[in-house]
Amino acid sequence: MVEGYLPIRLLVTWRERLRGLLGTDKTAKPVMLVRCDSIHTFGMWYALDIAFVSRDGRVLQCRRCVPPGRVVSFRSAFYVLERPARQDPWFQEGDVIEVGVMSGRGVSFE
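Quick notes on the rules
Residues numbered from 1 in each chain as written. Predicted model: local features only at pLDDT ≥ 70, side-chain atom pairs only at ≥ 80, totals over all residues. Heavy atoms only, no water. Buried < 20%, exposed > 50% of the residue type's maximum accessible area, 1.4 Å probe, protein only. Helix = DSSP H or I, 4+ residues; strand = E, 2+ residues; numbered from the N terminus. Pairing = 2+ DSSP bridges. Contact = heavy atoms within 4.5 Å. Polar contact = N/O pair within 3.5 Å; in protein donor to acceptor, adjacent residues only side chain to side chain. Axes fitted to C-alpha atoms, helices over the stretch in contact; angles between N-to-C directions. Phe/Tyr/Trp six-rings, centres within 6.5 Å; stacked < 30°, edge-to-face > 60°. Core = buried A, V, L, I, M, F, W, Y, C linked by side-chain atoms within 4.5 Å.

For the rest of this paragraph, the subject is the pairing of strand β3 (residues 31–34). Both faces of β3 are covered, namely the face carrying V31 and L33 and the face carrying M32 and V34. In this sheet, β3 lies alongside strand β2 (residues 9–11) in parallel orientation, the contact comprising three bridges. Within β3, the residue paired with L10 across the bridge is M32.

Right, dumping it as structure tokens:
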């Protein structure tokens, strides 16, 4: 489980969502893809940690270490959080995410 505040980049446009973390390295900050229920890892050179989130902020499904060359989806998701895979804590199903702006863009967690 992730607790506290996590700085993220919001990806809202179709082009931003399509690109996601492509072209970044393993030190990239997490991103949140808005209005999204499916992601791909084609073109990535590292694995991703992914969390599918409902419109009301409930984490529906988490996937850890999704390797390059995959498509992952969860039909009822409205947001997808992704980051380079690592051992740090990550979301669990049932967690609640609250998005807020705090001198920039970020996400807080209950």
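Before going further, it helps to spend a moment on the environment of D25. By the element assignment, D25 lies in the loop between α1 (14–19) and β3. Non-local contacts of D25, meaning those with residues more than four positions away in its chain, are made with W45, Y46 and P84. Side chain to side chain, D25 and T27 meet in a polar contact 2.4 Å long.

Next up on the list: the pairing of strand β8 (residues 79–84). Counted residue by residue, β8 has six buried out of six residues, so it is predominantly covered. In this sheet, β8 lies alongside β3 in antiparallel orientation, the contact comprising four bridges. Note on β8: the bridge partner recorded for V31 is E82. Two elements, strand β5 (residues 48–53) and β8, share six bridges in a ladder whose sense is antiparallel. Looking at the pairing, V53 lines up with Y79 of β8.

Attention now moves to the sheet that holds strand β6 (residues 59–66). Strand pairing in a sheet relies on backbone hydrogen bonds, with the paired strands running either antiparallel or parallel. Read from one edge of the open sheet, five strands run β2-β3-β8-β5-β6, paired in mixed fashion. Every other strand in the sheet has two partners, leaving β2 and β6 as the edge strands with one partner each. Shown here is a sheet whose adjacent strand axes are inclined to one another by a mean of 20°, direction ignored.

With that out of the way, let us pick up the packing of aromatic side chains. Under the criterion given, the structure shown has four aromatic pairs. Ring geometry for W45 against Y46: centres 5.4 Å apart, planes inclined by 90°, an arrangement best described as edge-to-face. Take W45: its relative accessible area is 57%, and that puts it in the exposed class. According to the relative accessible area criterion, Y46 is buried, its value standing at 3%. Consider the rings of F78 and Y79, whose centres lie 4.9 Å apart with planes at 85°: the pair is edge-to-face. In this pair, the class of F78 matches that of Y79, namely buried.

Before going further, it helps to spend a moment on the nonpolar core. Core analysis: the biggest nonpolar cluster contains 16 residues, and L21, L33, I39, I50 and V80 have the highest contact counts within it. Of all the secondary structure elements, the ones that give two or more residues to this core are β3 and β5. Broken down by element, this core gets its largest block of residues, three residues, from β5. Beyond its immediate sequence surroundings of up to four residues, L33 is in contact with L11, R17, I39, F78, Y79, V80 and E82. Judged by nonpolar contacts, the second largest core, of 15 residues, contains L6, I8, F78 and W90.

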